[in-house]
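Architecture at a glance
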Amino acid sequence: MTAPEPNWEWYRTFLKVLETGSLSAAGRAMGLTQPTVGRHIDSLETALALKLFTRSFDGFAPTDAALELQPYAAGIATTAAALRRVASSHGSGVRGTVRLTASEIIGVEVLPPILAALRAEHPELVIELVLSNKVDNLLHREADIAVRGLRPTQEALVAQRVGGIELGLHAHQRYLAAHGTPASMEALTGHALIGFDHESAYIRKFQARFPTLTRAALAFRADSDLAQLGAIRAGFGIGVCQAALAAKDKTLVRVLPTEFSLTMDTWVAMHEDLRASPRCAATFAALAAGLSAYIQHR
């Protein structure tokens, strides 16, 4: 008897069990009952003639075969999601789902009003937003459009530079009232500084230009830009913030503007195959226009 062809949903369930480590946790995350999750796994094991999980003390442990299959299953899930987005867009006008990816700060602080205006103009548009800095997720179809801080180099992508976002040192006026305003970069050593936790190639390049801002000098360390922004707004100390974002908050004050200024290139990119898609074309144009206005403090 021939084994049944694997169902796409079985792969989705397989990935969720891998992620959560148990049938019950996977079921809660997917809105399925535990027996249904178990049947999906059993069916996939039968279809593939492989043992994918073994029951362990604290849940389900993946076999070597399961770990080897994981990236391929993830590719199937990504392709299926992209297929559903394309299918949802067919019909007249701008409609369907667009999946975006952007950094934390851009995604949380900058894009919402742009996307709200876009949705008001095209009420049949659905937005999915992924907060990520991965540069390759457009090629893998994990997203339709990306907002990035560097120019995409892949030939299969359509990219538009929307401008440079200036970064500067900022602090809450409450902090400066209590601790004073530094008059030089050297004077920063007497202040509570906010910045990174783990070093990266970009951070090392940054430190070479501003040797005062080392990890050892930081009083608040986080790799999350949102966490750093939250600390600045709370009056914890002095940290790096987008100048256009700080300009919208009268309680934030620019510190040492002539001595510290960085520019972060900003690009909007999508796969060239999506150029003719009404939903993607409209979203791409709205993002480019909205981010350009943000950069110019309009």
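Provided above is the structure to which this section pertains.
Residues numbered from 1 in each chain as written. Predicted model: local features only at pLDDT ≥ 70, side-chain atom pairs only at ≥ 80, totals over all residues. Heavy atoms only, no water.

**A word on the nonpolar core**
Applied cut-off: Among buried residues, those of type Ala, Val, Leu, Ile, Met, Phe, Trp, Tyr and Cys that are joined through side-chain atoms within 4.5 Å constitute a nonpolar core. Using a 1.4 Å probe on the protein chains alone, a residue whose accessible area is under 20% of its type maximum counts as buried, one over 50% counts as exposed, and one in between counts as partly exposed. The helix and strand labels rest on DSSP assignments: H or I over at least four residues marks a helix, E over at least two residues marks a strand, and numbering proceeds from the N terminus. When checking whether two residues touch, look at their non-hydrogen atoms; a contact exists if any pair is within 4.5 Å.
By size, the foremost hydrophobic cluster in this structure holds 56 residues, and its most contacted members are Ile145, Leu287 and Leu291. Examining the composition of this core, we find that 8 residues originate from one element, helix H10 (residues 278–295), more than from any other. Excluding anything up to four places from it in sequence, Leu287 contacts Leu100, Leu111, Ile114, Leu115, Ile145, Val147 and Val268. One finds Trp10, Phe14, Leu23 and Ala66 within the second-largest nonpolar core, a separate group that totals 17 residues.

**Side note on unusual backbone geometry**
One non-glycine residue, Ala49, lies in positive phi territory at about 55°. With respect to the helices and strands, Ala49 occurs in the loop between helix H3 (34–48) and strand E1 (53–56). With a phi angle near 50°, Leu256 is a residue other than glycine that sits in the positive phi range. Residue position: Leu256 is located in the loop between strand E10 (252–255) and strand E11 (262–271).

**Description of the layout of surface pockets**
Quick reminder of the rule: Detection works on a 1 Å grid of protein atoms alone, calling trapped sets that fit a 1.4 Å probe cavities and calling open sets with protein on both sides within 12 Å along at least five of seven lines pockets, with lining residues defined by an atom within 4 Å of a point. Grid points are joined across faces, edges and corners, and a volume is the space filled by probe spheres set on the points. Gly counts as polar in this scheme, as do all residues outside two lists: the nonpolar Ala, Val, Leu, Ile, Met, Phe, Trp, Tyr, Cys and Pro, and the charged Asp, Glu, Lys and Arg.
Of the pockets and cavities examined, the largest pocket occupies roughly 1400 Å³. Lining the largest pocket are 46 residues, and of these Leu167, Tyr202, Ile203, Asp225 and Met264 sit closest to its centre. Taken together, the elements giving at least two residues each to the lining of the largest pocket come down to helix H5 (104–121), strand E5 (145–148), strand E6 (157–172), strand E7 (193–195), helix H7 (201–209), helix H8 (225–233), strand E9 (239–242) and E11. Per-class residue counts for the lining of the largest pocket are 27 nonpolar, 12 polar and 7 charged.

**Considerations on the pairing of E11**
Selection rule: Pairing between two strands is assigned when DSSP locates at least 2 bridges connecting them.
The buried fraction of E11 is high, at 7 of 10 residues. Both E5 and E11 contribute to a ladder of 4 bridges, which runs antiparallel. Each residue of the ladder has a partner; that of Ile145, found in E11, is Met270. Across 10 bridges, the pairing between E6 and E11 is antiparallel. Residue pairing across strands places Gly164 opposite Asp265, the latter belonging to E11.

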